[in-house]
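Geometric and topological summary
Spelled out from the first residue to the last, the chains are:
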Amino acid sequence: MSPPVAKIAPSASSTNRAKGKKPVRDDGPPFKRRKLDRPQLSATSQNTSSFAFPRGKPTPSTSTIDPELAVDFTTQETKNGESLATLRKMVFGRLEHTSSQTDPGKYLAIDCEMVGVGIDGEESSLARVSIVNYWGAVQMDEIVRQKERVVDYRTQWSGIRPSDMVRAKTFEDVQKRVAALTKDRILVGHAVHNDLKVLLLSHPGPCIRDTQHLAAKHNVTGKRPALRNLVKQELSVVIQGGEHSSVCLLVLFLAPG
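Residues numbered from 1 in each chain as written. Predicted model: local features only at pLDDT ≥ 70, side-chain atom pairs only at ≥ 80, totals over all residues. Heavy atoms only, no water.

A word on the overall build of the protein
So the rule is basically this: Per the convention used, a helix needs a DSSP run of H or I reaching at least four residues, while a strand needs a run of E reaching at least two, with both numbered from the N terminus. By definition in these notes, contact holds between two residues if any of their heavy atoms fall within 4.5 Å. Surface accessibility follows the Shrake-Rupley procedure with a 1.4 Å probe radius. Residue values consider only the protein chains on display as shielding.
What the protein contains, in helices and strands, is seven helices and 11 strands. Look at the contacts in the protein between residues 6 or more apart in sequence, and 67% of them connect residues 24 or more apart. For the protein, the exposed surface amounts to about 13700 Å²; the carbon and sulfur share of it is 52%.

Structure (structure tokens):
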């Protein structure tokens, strides 16, 4: 029997019309209606600087303390048989990879970032897709071209800036690449069904490892714990305190448990 493969879902617009739902654009990334319960960003948070967000490194800020400064990268402690120092280096992009560690391998972690479009930027549109392997080596990090004017880049949380759109690719190109890369591999993520939904993709259930669903294994309170709580407990690292990079977060999904 051939192994299960990722499937590209049928056109969302035709499916939604048949069910009487709001159609989704065929010529760009899908978006969903989402009411934001956080205040709108100030003009300074949506600057048009040519400085793109670096992989695995939060942008320095005068109003926040760099979390990397409080991390012990020399500890001899282990976590489930893995070096805690090595895991922390992966999180902050300090780990040097061998040639074999840069191959895709069996496990891939995925994360998506959104920007705001529509009235007041309340509609979320897929803007970035990042994938890393078991060792945290980047396999894919693409910006998705927008068909509508971006009202809110949500830089404070997403790390995406207007200058990043210069290297953007079409939704269809990004979708096809994700499907090909994840085929026959174990896909890891936090609430990964949300990432697959915005990509209009499916993945075999037995080939998914969702850190949100597996959280009970770590004795974390709550049925759906936040990723930041899992990471703080397992690695003693504080994340998502502000602007962040998808690539930086992805290695956390792959920390053994």
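Considering the packing of aromatic side chains
Test applied: By convention, a stacked pair of Phe, Tyr or Trp rings (six-membered ring in the case of Trp) has centres within 6.5 Å and planes under 30 degrees apart, an edge-to-face pair has planes over 60 apart, and any other such pair is tilted. Remark: exposure states derive from per-residue accessible area (1.4 Å probe, protein chains only) relative to the maximum for the residue type, with buried under 20%, exposed over 50%, and partly exposed in between.
The tally for this structure, following the rule as stated, stands at two aromatic pairs. Between Tyr107 and Tyr134, the aromatic rings sit 6.2 Å apart at their centres with planes inclined by 50°, giving tilted as the arrangement. Placement of the pair is Tyr107 in strand S5 (residues 107-117) and Tyr134 in the loop between strand S6 (123-133) and strand S7 (138-143), with a sequence separation of 27 residues. On the numbers, 5.3 Å between centres and 85° between planes, the contact of Tyr134 with Trp135 is edge-to-face. On the basis of relative accessibility, which here comes to 29%, the residue Tyr134 falls in the partly exposed class. What makes Trp135 partly exposed here is its relative accessible area of 32%. Through pairs of rings, three or more aromatic residues link up here, namely Tyr107, Tyr134 and Trp135.

A word on helix H6 (residues 227-235)
Cut-off, in case you're wondering: Each C-beta atom gives one direction from the helix axis, and the arc is the one those directions make.
When H6 is considered as a whole, its buried residues turn out to be Leu227, Leu230, Val231, Glu234 and Leu235. Summarising the axial view, the buried residues of H6 lie within an arc of 95°, below the 170-degree limit, and thus occupy one face. Directly beyond the C-terminal end of H6, a positive phi value near 55° is found at Ser236.

Some thoughts on the confidence of the model for the protein
Note the cut-off: pLDDT measures the predictor's confidence residue by residue and takes values from 0 up to 100.
Confidence in the prediction of the protein, expressed as mean pLDDT, is 75, and 63% of residues score 70 or more. Throughout residues 12-19 the model reports pLDDT below 50, and contacts reaching past four residues in sequence, or to other chains, amount to nine contacts. Low pLDDT, under 50, characterises residues 39-63; the predicted model gives this stretch 49 contacts beyond four residues in sequence or across chains.

Concerning the side chain of Ser158
Position of Ser158 among the secondary structure elements: in helix H3 (residues 155-158). Residue Ser158 is classed as buried on the basis of its relative accessible area, which comes to 1%.

Things to note about the pairing of S5
Remark: a regular strand shows side chains that alternate across the two faces of the sheet. Rules: For two strands to be treated as a pair, DSSP must find no fewer than two bridges joining them.
Most of S5 is tucked away: 10 of the 11 residues are buried. Pairing of S5 with strand S9 (residues 186-189), which is carried by three bridges, proceeds in the parallel orientation. Directly across from Ala109, in S9, lies its bridge partner Val188. Summarising the sheet, S5 and S6 pair through 10 bridges and their orientation is antiparallel. Paired with Met114 across the two strands is Leu126, which belongs to S6. Between S5 and S6, which pair antiparallel in sequence order, lie five residues; one of them, Gly118, sits at a positive phi of approximately 80°. Bridge analysis of S5 against strand S8 (residues 150-152) gives two bridges, and the strand direction is antiparallel. By the bridge assignment for S8, Val117 is matched with Val150.

Description of the pattern of salt bridges
Between side chains of opposite charge, a pair can form as their charged atoms come close. Put simply, the test is: Think of a salt bridge as a Lys or Arg side-chain nitrogen and an Asp or Glu carboxyl oxygen that are within 4 Å of each other.
This model, assessed by the stated rule, comprises three salt bridges. Here Asp141 makes a salt bridge to Arg128, at a shortest N to O gap of 2.8 Å. Of this pair, Asp141 sits in strand S7 while Arg128 sits in strand S6, and the two are 13 residues apart along the sequence. For the pair Asp141 and Arg128, one class covers both residues: buried. Between Arg177 and Glu142 there is a salt bridge, with its nearest N and O atoms 2.5 Å apart. Placement of Arg177 in helix H4 (residues 171-182) and of Glu142 in strand S7 is noted, with a sequence separation of 35 residues between them. Arg177 sits in the partly exposed class, given a relative accessible area of 35%.

Brief notes about the nonpolar core
Under the convention used in this document: In this description, a nonpolar core means a group of buried Ala, Val, Leu, Ile, Met, Phe, Trp, Tyr and Cys residues linked to one another through side-chain atoms lying within 4.5 Å.
Residues Ile110, Leu126, Val129, Ile131, Met140, Val178 and Leu199 are the most contacted members of the largest nonpolar core, which totals 20 residues. Every element with two or more residues in this core is listed here: S5, S6, H4 and helix H5 (192-198). Counting residues per element, this core draws most heavily on H4, which supplies five residues. Val71, Leu235, Val237 and Ile239 belong to the second largest nonpolar core, which has 12 residues in total.

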